[in-house]
Amino acid sequence: MAVVAMMTVMNAMAQKIEVVDADGNGIPLVSVTTEDGVFIGKTDLSGVLADVKGAQKVGLNHVAYKPQLVSVASLAEGRVTLEDADFGIDEIVVKPKPYICVEYYFRGFRYIGDSLRAYGAGVMPVAYDIRNHYKPKTRWVASCGVFANKATSWHRAVIVDKAEEIAKRNKGPMTEKWMKRDTVQQVYGLSVVKDDANRWRVENPKGLLGQIVHDDGRTYTTLDAALMQRYQDERQGNDKLMKKRQEKNYAYEYADIYRLPDEDESDIPDLARLEMAMHHWELNTGKGRERDIYYVYVVSHYYADEAEFKARSKELNHGHESDMTLEELQTFERQHSIPALDAAQLKAIMALKKHN
């Protein structure tokens, strides 16, 4: 009886996990699910999730690292190390043409409560007009696939629209450079404080907002955008918007991974340096807590004119006028060294497809 009581107490205790990189630094925004793909939570800015809610195995997913499915009991002090995804693309070749074209591969997950309700993936080629302040020239989603729960078509529209929103956001300067602008720091009350040679804290009067890490030729930036927006609302007196966000318990965090420029690359714009991005939106709805999680990989970028861009878009869409199958998407992922879906996510997607 004493042993049973002790086990009951131990099971009731919060099981913390800490997710770190190869250097022992915490990894923020790692999505943590059960082995059936049920959403548990995400790591904070120090790489910690306070409680895995009794799960014996957890799936760990982050855009810049290889996914893992681990046994919680096997972890020493709850710590697990993720490997770099080893994802990257060739440097852009500078040519005198009117557009910089970027091809994004995106994955979108929609959770209601802790269950996956929709998943979508696809290729989004976008042409940025150099002569018009890099305005996105063409809205075109090619080769979309595996939209689970197709009966609710609005799922598809939301996933595609948000993927396009992320792509449009990339036309500006890389996040680190943007945060160091005087106007941005004034609006959001930001300060960037050096931690050590390669790490910085991002803060404002609301507290710690994120971090910047330079590692292996890349800059990893993670930000709590909801806290930034909350400060801006209060400062500008946007009481109505502030109240709405509070009522819905709105949260929005994102991470950008850019390739750091070499000294001789000053003529290459920042949008041609993005390699990966990840976005987490959350808010309360009438159906429960709604979560949208996106992983974005830049699989190609090049200079082109309008005819060349149209031809490339047509080539991407050739043979995939309707949704691609999961197998076709996985083939594309392997060709571009995109980390595969982990076992927990794949299991959840297949369970959704069975209910279509």
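Reading the values: the criteria
- Residues numbered from 1 in each chain as written.
- Predicted model: local features only at pLDDT ≥ 70, side-chain atom pairs only at ≥ 80, totals over all residues.
- Heavy atoms only, no water.
- Helix = DSSP H or I, 4+ residues; strand = E, 2+ residues; numbered from the N terminus.
- Buried < 20%, exposed > 50% of the residue type's maximum accessible area, 1.4 Å probe, protein only.
- Contact = heavy atoms within 4.5 Å.
- Areas by Shrake-Rupley, 256 points an atom, 1.4 Å probe, with all protein chains shown as cover.
- Pairing = 2+ DSSP bridges.
- Axes fitted to C-alpha atoms, helices over the stretch in contact; angles between N-to-C directions.
- Core = buried A, V, L, I, M, F, W, Y, C linked by side-chain atoms within 4.5 Å.
- Left-handed = near helix turned anticlockwise from the far one by under 90°.
- Nonpolar A, V, L, I, M, F, W, Y, C, P; charged D, E, K, R; others polar.
- pLDDT = per-residue confidence, 0-100.
- Arc of directions from axis to C-beta.
- Phe/Tyr/Trp six-rings, centres within 6.5 Å; stacked < 30°, edge-to-face > 60°.
- Lys NZ or Arg CZ within 6 Å of the ring centre and 35° of its normal.
- Salt bridge = Lys/Arg side-chain N within 4 Å of Asp/Glu carboxyl O.

Q: Could you give an account of the overall build of the chain, with specific residues and numbers?
A: Helix and strand counts for the chain come out as nine helices and 18 strands. When each of the 356 residues of the chain is scored for burial, the buried share is 50%. Taking the contacts inside the chain whose residues are at least 6 apart along the sequence as the reference set, 63% of them involve residues at least 24 apart. Total accessible area on the chain is roughly 17300 Å²; 50% of this is exposed by carbon and sulfur atoms.

Q: Before we move on, could you go through the sheet that holds strand β5 (residues 57-62) and cite the residues and values that matter?
A: Strand order across the open sheet formed by four strands is β3-β2-β5-β6, with antiparallel pairing between neighbours. The open sheet terminates on both sides in strands that have one partner only, identified here as β3 (39-42) and β6 (65-71). Direction aside, neighbouring strands of the sheet carry axes that sit 20° apart on average. Relative to β3, strand β2 (residues 31-34) runs antiparallel, the two being bridged by three bridges. Each bridged residue has a counterpart across the sheet, and for Val 32 the counterpart in β3 is Gly 41.

Q: An account of the nonpolar core is needed here, citing residue identities and associated values.
A: By size, the foremost hydrophobic cluster in this structure holds 90 residues, and its most contacted members are Val 58, Leu 60, Tyr 104 and Tyr 105. Apart from the residues within four sequence positions on either side, Tyr 105 is in contact with Ala 121, Gly 122, Val 123, Tyr 295, Val 296, Tyr 297, Val 299, Leu 329, Phe 332, Glu 333 and Ile 338. The next biggest cluster of nonpolar side chains, apart from the first, holds six residues, and it includes Tyr 99, Cys 101, Ala 127 and Ala 304.

Q: Give me the packing of helix α5 (residues 225-236) against helix α6 (residues 239-247): which residues, what numbers.
A: To describe two helices that pack against each other, one gives the angle between their axes and the distance between the axes. Contact geometry of α5 with α6 gives a least axis separation of 8 Å together with a crossing angle of 145°. Read as a crossing pair, α5 and α6 show a hand that is left-handed. From α5, Gln 229, Asp 233 and Glu 234 reach across to α6, where they touch Leu 241, Met 242 and Arg 245. Class assignment for the residues of the contact of α5 with α6 results in two nonpolar, one polar and three charged.

Q: Give a detailed account of the confidence of the model for the chain, specifying residues and quantitative values.
A: Residues at a pLDDT of 70 or more form 87% of the chain, whose mean pLDDT is 85. Segment residues 4-12: pLDDT under 50, and zero contacts once partners within four positions in sequence are set aside and those in other chains are kept.

Q: Lay out helix α8 (residues 326-335) with the relevant residues and their values.
A: Each turn of an α-helix holds 3.6 residues, which means side chains three or four residues apart point in the same direction. Those residues of α8 not exposed but buried are Leu 326, Leu 329, Phe 332 and Glu 333. Viewed along the axis of α8, the buried residues span an arc of 120°, placing them on a single side of the element. Exposed residues pointing more than 90 degrees away from the buried face of α8 are listed as Glu 327, Arg 334 and Gln 335. Just downstream of α8, Ser 337 is the residue with a positive phi angle, here 55°.

Q: Which residues make up the packing of aromatic side chains, and what values do they have?
A: Here the structure, examined in full by the defined rule, presents nine aromatic pairs. Geometrically, the ring pair formed by Phe 39 and Tyr 111 is tilted, given 5.2 Å between the ring centres and 50° between the ring planes. In this pair, Phe 39 sits in strand β3 while Tyr 111 sits in strand β8 (residues 99-112), placing the two residues 72 residues apart along the sequence. Phe 39 sits in the buried class, given a relative accessible area of 5%. In textbook terms, an aromatic cluster arises when at least three aromatic residues are bridged by ring pairs, as seen for Tyr 252, Tyr 254, Trp 281 and Tyr 294. Here the basic side chain of Lys 162 rests over the ring of Trp 281, its NZ or CZ set 4.1 Å away from the ring centre. Just above the ring of Trp 200 sits the side chain of Lys 180; from NZ or CZ to the centre is 5.6 Å.

Q: Hey, could you go over the pattern of salt bridges for me, with residue numbers and the actual values?
A: The full count for this structure, using the stated rule, is 26 salt bridges. Between Arg 169 and Asp 256 there is a salt bridge, with its nearest N and O atoms 3.1 Å apart. Placement of Arg 169 in helix α2 (residues 154-169) and of Asp 256 in strand β16 (residues 251-259) is noted, with a sequence separation of 87 residues between them. Assessed through its relative accessible area of 33%, Arg 169 is described here as partly exposed.

Q: Mind laying out the environment of Tyr 258, listing which residues take part and the relevant values?
A: For Tyr 258, the position within the fold is in strand β16. Overall, the relative accessible area of 4% leaves Tyr 258 in the buried class. Through-space distance from the C-alpha of Tyr 258 to that of Leu 271 is 8.9 Å; in sequence the pair is 13 residues apart. In contact with Tyr 258, not counting residues within four places along its chain, are Asn 170, Pro 173, Met 174, Thr 175, Gly 217, Arg 218, Thr 219, Asp 270, Arg 273, Leu 274 and Glu 275.

Q: Please provide a residue-by-residue account of the sheet that holds strand β4 (residues 48-49), values included.
A: Reading across from one edge, β4-β1-β7 is the order of the three strands in this open sheet, with mixed pairing throughout. Of all the strands in the sheet, the pair left with one neighbour each is β4 and β7 (79-81). Two strands pair when backbone bridges link them, and strand β1 (residues 17-20) and β4 are joined in this way by two bridges, in the antiparallel orientation. Paired with Glu 18 across the bridge in β4 is Val 48.

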